[in-house]
Protein chains: 2
Amino acid sequence: MNHSDSVGIVVPQSFAFDTPLRLQNGSILPHFTLMVETYGRLNADKSNAVLVCHALSGHHHVAGFHSPNDKHPGWWDNMVGPGKPLDTNRFFVVGVNNLGGSHGSSGPLSTNPFTGKAYGADFPLVTVADWVNSQAMLADRLGIAQWAAVMGGSLGGMQALQWAIDYPERIRHALVIASAPKLSTQNIAFNDVARQAILTDPDFHGGHYADHGTVPRRGLRIARMMGHITYLAEEGLGKKFGRQLRSGSYRFDYDVDFEVESYLRYQGDKFADAFDANTYLLMTKALDYFDPAKAFGHNLKAAVAGTQARFFVASFNSDWRFAPERSQELVQALVAAKKPVQYVALQSSHGHDAFLMDDTAYMQAVRIYFNNIAQEFGA
Amino acid sequence: MNHSDSVGIVVPQSFAFDTPLRLQNGSILPHFTLMVETYGRLNADKSNAVLVCHALSGHHHVAGFHSPNDKHPGWWDNMVGPGKPLDTNRFFVVGVNNLGGSHGSSGPLSTNPFTGKAYGADFPLVTVADWVNSQAMLADRLGIAQWAAVMGGSLGGMQALQWAIDYPERIRHALVIASAPKLSTQNIAFNDVARQAILTDPDFHGGHYADHGTVPRRGLRIARMMGHITYLAEEGLGKKFGRQLRSGSYRFDYDVDFEVESYLRYQGDKFADAFDANTYLLMTKALDYFDPAKAFGHNLKAAVAGTQARFFVASFNSDWRFAPERSQELVQALVAAKKPVQYVALQSSHGHDAFLMDDTAYMQAVRIYFNNIAQEFGA
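Rules behind the numbers
- Residues numbered from 1 in each chain as written.
- Chains lettered and ligands numbered in written order.
- Predicted model: local features only at pLDDT ≥ 70, side-chain atom pairs only at ≥ 80, totals over all residues.
- Heavy atoms only, no water.
- UniProt positions renumbered as here; feature names shortened; annotations may be inferred.
- Axes fitted to C-alpha atoms, helices over the stretch in contact; angles between N-to-C directions.
- Helix = DSSP H or I, 4+ residues; strand = E, 2+ residues; numbered from the N terminus.
- Parallel < 35°, antiparallel > 145°, perpendicular 65-115°, else oblique.
- Left-handed = near helix turned anticlockwise from the far one by under 90°.
- Contact = heavy atoms within 4.5 Å.
- Pairing = 2+ DSSP bridges.
- Buried < 20%, exposed > 50% of the residue type's maximum accessible area, 1.4 Å probe, protein only.
- Nonpolar A, V, L, I, M, F, W, Y, C, P; charged D, E, K, R; others polar.
- Expected span 1.5 Å × (residues − 1).
- Phe/Tyr/Trp six-rings, centres within 6.5 Å; stacked < 30°, edge-to-face > 60°.
- Lys NZ or Arg CZ within 6 Å of the ring centre and 35° of its normal.
- Polar contact = N/O pair within 3.5 Å; in protein donor to acceptor, adjacent residues only side chain to side chain.
- Buried area = accessible area lost by both parts, 1.4 Å probe.
- Salt bridge = Lys/Arg side-chain N within 4 Å of Asp/Glu carboxyl O.
- Least-squares fit on C-alpha atoms with pLDDT ≥ 70 in both.

- Per an unreviewed UniProt entry, chain A is named Homoserine O-succinyltransferase, and its organism is Paralysiella testudinis.
- Its UniProt record gives chain A the following Sequence similarities (unreviewed entry) comment, quoted word for word: "Belongs to the AB hydrolase superfamily. MetX family."

In structure tokens, the structure reads:
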């Protein structure tokens, strides 16, 4: 981890909140915890703070390493660090594990104060708007009245958009990358299959698998394998694996014939060993439910009419799960509402995962955008 | 079932073969059975026979009804019948359940002569080439030296192509619809997830679920739900279901929120109750393994160089599982090999399933093509 452009060793911080949080489903979280990492320094007038929101399987560990021997940096380490597109020499960057997560924030693995046991399946289904409300409380705690920017890809981009709608005065820039103003029917369908794989796993036990000493590994594995295919593009998959056979000839059984099978099963196994199933379920629901135009008569232009942020919207041509057309819907609504928006239609063979990758034009576009933001506060 | 354009009540016939069939995996089926339906009449010089090959979940029951109260006709009843595009007043049409199927032909549900019990998982992994060989034996039995045409969609189209390559003198026309000369990496990946869902279902028992009195229903259901999404297009799914909620508002639990979830779960349940898991597994393997160019140095032009059939190739613009580009690969190879081919690029919102649907231009194109074939033998 000896990288001069790394934020280096970072220590997660836990923030406890005792103010009750009213959730969109009508229930109340009497108190909750958010697990947070920060990189860079908040400047004197607190004008350089950037919130990085995570997607389905992300968390607060955005950049840097947790120990000198840590092999894997944070999930967006290529984007965030000294001299990187989101430059921690100039910006104070905040990463947060969302409510319902399983990486230290209140979620299914936390203790339910009413029962003294882990919430498990009883943790409420939180929404993007709930997350944004909890993030606003975090901003208050950090003394940040207004974010220089809120940024995210996929489900993270939805949070950036929701911030601009719900807290127009607290966000100067919204970076919405490889995202959509709402999921398509096909996306909802894929999410439901993933959930059904988990819900019908005999080790799921209605979400109380911890009480039974089990983990719905099979379901989680299948959900991830399927999800993983949809995050990639045929172009990238084809280039990487093609129809390459592991042993050179067909096996005529159900063991690994094609290299892509080996890769997918490995991804599924790894995820099933590391990720909490209840969190996976509720994250997919937050995706499905996200639809800020719904409260505005299904009129997206009306939904963004009150925003004050400037928008950066980016899409990737091979991303079929969050296709460029979906980003363009948002751009068109913003333009119709006379809101400032910069849209970048990027080329990549990486599909939806492109937002995590290093494609040059993408990195350059984000870098330039943050350079311009930095000039606003003279950094 | 009172339709003047229906073939009416049909009776499946079982054909037993005692000649050993050598399979591509090296094993031998000492004897086997094929379940068959025929429609129309074979003409005097036996020049009007058309073989209809089925796809992943199909069978021999292509058209007509099995009883006066039968609610559902055969799977391609819109295509095959008196006055229909494949007109049974002029053609003698043969439908066959492929080897490894679970609708009466030898397959996992048949008795293994070596054990006296059902094959289950021990039924050999048959390939498209194996099917074509068994279908050639059926043609011999029916006295058909040469098919006027072999026709199929998806995996069925692969059989038509294989016929043209393996038995050039026995097929005058190959209709290859919504198919591909080989699966893409993404297709193989989806198939493997489907298989893993079944193989890891605790009720699968290594494929010998019958011995355990179980059915790997969960896995089969998930496989079908996922498959079903990929056979449809977002355009069609969006038109039909959009983000329509069953109860008008979000439930905040994992029961049915969106109508598309209800639809998919229903499709999954229906399939899991009706289809044999071992057959599903081996059919997906036949898809994965199909790659006729492999034996010709991965040169498709070389693979089709010996064909004598005229080709009809059709693709649908919204079919992303077997995209138009994949049909075009075949067309380009045929053109390069100076083979006669008619290619129809059709518009449809039905995705891969379009080959089973009634889109007007599609039906018209097939009708005209068969009209021209009929003129060859003066019908």
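Text resumes after the structure shown.
### Structural notes on the packing of helix 1 (residues 128–142) of chain B against helix 2 (residues 155–166) of chain B
Residue and element names in this part refer to chain B.
Now for step 1: Following both chains from N to C, one finds helix 1 and helix 2 inclined at 70°, their axes separated by 9 Å at the closest point. On the basis of their axis angle, the class for helix 1 and helix 2 is roughly perpendicular. For the pair helix 1 and helix 2, the crossing hand works out as right-handed. Only Leu155, Met158, Gln159, Gln162, Trp163 and Asp166 of helix 2 make contact with helix 1, whose side of the interface consists of Val128, Ala129, Trp131, Val132, Gln135 and Ala136.

### Description of the sheet that holds strand 5 (residues 49–53) of chain A
Adjacent strands of a sheet form backbone hydrogen bonds with each other and so pair up, either parallel or antiparallel.
All names here are of chain A.
Now for step 1: Strand order across the open sheet formed by eight strands is 1-4-8-5-9-10-11-12, with mixed pairing between neighbours. One side of each edge strand has no neighbouring strand; the edge strands of this open sheet are strand 1 (13–17) and strand 12 (341–346). Within this sheet the neighbouring strands show an average axis-to-axis angle of 20°, counted without direction.
Now for step 2: One ladder, built from five bridges, connects strand 1 with strand 4 (residues 32–39); its direction is antiparallel. Looking at strand 4, one finds that phenylalanine 15 is bridged to leucine 34.

### Some thoughts on the side chain of Gln267(B)
Residue and element names in this part refer to chain B.
Now for step 1: Relative to the elements of secondary structure, glutamine 267 occurs in helix 7 (residues 259–274).
Now for step 2: Since its relative accessible area comes to 13%, glutamine 267 is described here as buried.
Now for step 3: Not counting chain neighbours up to four residues away, the residues in contact with glutamine 267 comprise Arg224 and His228.

### Digging into the packing of helix 4 (residues 217–231) of chain A against helix 3 (residues 185–199) of chain B
Now for step 1: Following both chains from N to C, one finds helix 4 of chain A and helix 3 of chain B inclined at 170°, their axes separated by 10 Å at the closest point. Viewed along their axes, helix 4 of chain A and helix 3 of chain B adopt a mutual orientation that is roughly antiparallel. Where helix 4 of chain A abuts helix 3 of chain B, its residues Arg221(A), Ile222(A), Met225(A), Met226(A), Ile229(A) and Thr230(A) lie against Gln186(B), Ala189(B), Phe190(B), Asp192(B), Val193(B), Gln196(B) and Ala197(B).
Now for step 2: Residues that form the contact of helix 4 of chain A with helix 3 of chain B fall into these classes: eight nonpolar, three polar and two charged.

### Structural notes on the UniProt feature "domain: AB hydrolase-1" (unreviewed entry) in chain A
Now for step 1: Residues given the UniProt feature "domain: AB hydrolase-1" (unreviewed entry) here are residues 48–337 of chain A.
Now for step 2: Split by type, residues 48–337 of chain A is 38% helix and 11% strand. Its first and last C-alpha atoms lie 27 Å apart.

### A few points about helix 1 (residues 128–142) of chain A
Residues and elements named next belong to chain A.
Now for step 1: Helix length check: helix 1 (15 residues) gives 21 Å between terminal C-alpha atoms against 21 Å at 1.5 Å per residue, within 8%.
Now for step 2: With respect to burial, helix 1 is a largely interior element, twelve of its 15 residues being buried.
Now for step 3: Within the sequence span of helix 1, burial applies to Val128, Ala129, Asp130, Trp131, Val132, Ser134, Gln135, Ala136, Met137, Leu138, Ala139 and Leu142.
Now for step 4: Positive backbone phi, at 75°, marks glycine 143, one or two positions downstream of helix 1.

### Observations regarding the packing of aromatic side chains
Now for step 1: Within the structure shown, the criterion is met by 42 aromatic pairs over all chains.
Now for step 2: For the ring pair Phe275(B) and Tyr280(B), a centre distance of 6.3 Å and an interplane angle of 90° mean the geometry is edge-to-face. The same class applies to Phe275(B) as to Tyr280(B), namely buried.
Now for step 3: A cation over an aromatic ring shows up here: Arg141(A) above the ring of Phe17(A), its NZ or CZ 4.2 Å from the ring centre.
Now for step 4: The ring of Phe271(A) is capped by Arg224(A), whose NZ or CZ atom sits 4.2 Å from the centre of that ring.

### As for the UniProt feature "active site" (unreviewed entry) in chain A
Residues and elements named next belong to chain A.
Now for step 1: Those places that UniProt annotates as "active site" (unreviewed entry) correspond, in this numbering, to Ser154, Asp319 and His352. The greatest C-alpha distance among the residues just named is 10.7 Å, despite their covering 199 residues of sequence, which places them together in space.
Now for step 2: Within the secondary structure layout, aspartate 319 lies in the loop between strand 11 (310–316) and helix 9 (324–336).
Now for step 3: Classification of histidine 352 by relative accessible area gives buried; the value is 3%.
Now for step 4: Polar contacts involving the side chain of histidine 352 include one to the side chain of serine 154, which spans 2.8 Å.

### What about unusual backbone geometry?
Residue and element names in this part refer to chain A.
Now for step 1: Of note, the phi angle at lysine 46 is positive, near 55°, even though the residue is not glycine.
Now for step 2: Position of lysine 46 among the secondary structure elements: in the loop between strand 4 and strand 5.
Now for step 3: Residue classification places lysine 46 among the partly exposed positions, given a relative accessible area of 36%.
Now for step 4: Its identity as a non-glycine residue notwithstanding, lysine 338 has a phi of 60°, on the positive side.
Now for step 5: By the element assignment, lysine 338 lies in the loop between helix 9 and strand 12.
Now for step 6: Taking relative accessible area as the criterion, lysine 338 reaches 76% and is therefore assigned exposed.

### Topic: the environment of Ala129(B)
Residue and element names in this part refer to chain B.
Now for step 1: Looking at the element boundaries, alanine 129 is found in helix 1.
Now for step 2: Between the C-alpha atom of alanine 129 and that of methionine 158, which follows or precedes it by 29 residues, the distance is 9.4 Å.
Now for step 3: In this structure, alanine 129 is in contact with Gln24, Gln162 and Asp166, ignoring residues within four places of it in sequence.

### Topic: the interface of chain A and chain B
Now for step 1: Taken together, the contacts link 57 residues of chain A with 57 residues of chain B.
Now for step 2: Each partner contributes to the roughly 4900 Å² buried at the junction of chain A and chain B, and carbon and sulfur atoms together form 66% of this total.
Now for step 3: Across the contact surface, chain A and chain B share ten salt bridges.
Now for step 4: The shortest N-O distance in the salt bridge between Asp257(B) and Lys285(A) comes to 2.6 Å.
Now for step 5: At the junction of chain A and chain B, the tally comes to 28 residue pairs in polar contact (both at pLDDT 80 or more).
Now for step 6: Elements with a contribution of two residues or more to the side of chain A that touches chain B: helix 3 (185–199), helix 4, helix 5 (234–240), helix 6 (259–274) and helix 7 (277–289) of chain A.
Now for step 7: No other element matches the eleven residues that helix 3 of chain A contributes to the side of chain A that touches chain B.
Now for step 8: Classifying every residue of the side of chain A that touches chain B gives 27 nonpolar, 13 polar and 17 charged.

### What about the sheet that holds strand 12 (residues 341–346) of chain B?
Residue and element names in this part refer to chain B.
Now for step 1: Pairing is mixed across the open sheet formed by eight strands, whose spatial order is 1-4-8-5-9-10-11-12. Looking along the sheet, the strands with just one partner apiece sit at the ends: strand 1 (13–17) and strand 12. Here the strands of the sheet are splayed against their neighbours by 20° on average, with no regard to which way each runs.
Now for step 2: Across four bridges, strand 5 (residues 49–53) lies against strand 9 (residues 149–153) in parallel orientation. Bridging across to strand 9, cysteine 53 finds its partner in glycine 152.
Now for step 3: Along the sheet, helix 2 makes contact with strand 5, strand 9, strand 10 (173–177) and strand 11 (310–316), crossing strand 9 at roughly 150°.

### Remarks on the relation of the copies chain A and chain B
Each of the two chain copies can be brought onto the other by rotation about an axis and movement along it.
Now for step 1: Overlaying chain A on chain B yields an RMSD of 0.0 Å, the required transformation being a rotation through 180° with an accompanying axial translation of 0.0 Å. Taken together, the rotation angle and the small translation identify this as a two-fold axis.
Now for step 2: The fraction of interface residues of chain A whose copies in chain B are also interface residues reaches 100%, indicating that both copies meet through the same surface.

### Some words on the pattern of salt bridges
Now for step 1: Per the stated rule, a full pass over the model turns up 42 salt bridges over all chains.
Now for step 2: Note that Asp201(B) and Arg218(B) form a salt bridge whose closest N and O atoms lie 3.3 Å from each other. Note that Asp201(B) is positioned in the loop between helix 3 and helix 4 (209–212) and Arg218(B) in helix 5 (residues 217–231), a separation of 17 residues in sequence.
Now for step 3: Under the relative-accessibility criterion, Asp201(B) is labelled buried at 5%.
Now for step 4: By relative accessible area, which is 26% here, Arg218(B) ends up partly exposed.
Now for step 5: A cluster of three or more residues bridged by salt bridges with shared partners is formed by Asp192(A), Arg195(A), Lys285(A), Asp288(A), Asp257(B), Glu261(B) and Arg265(B).

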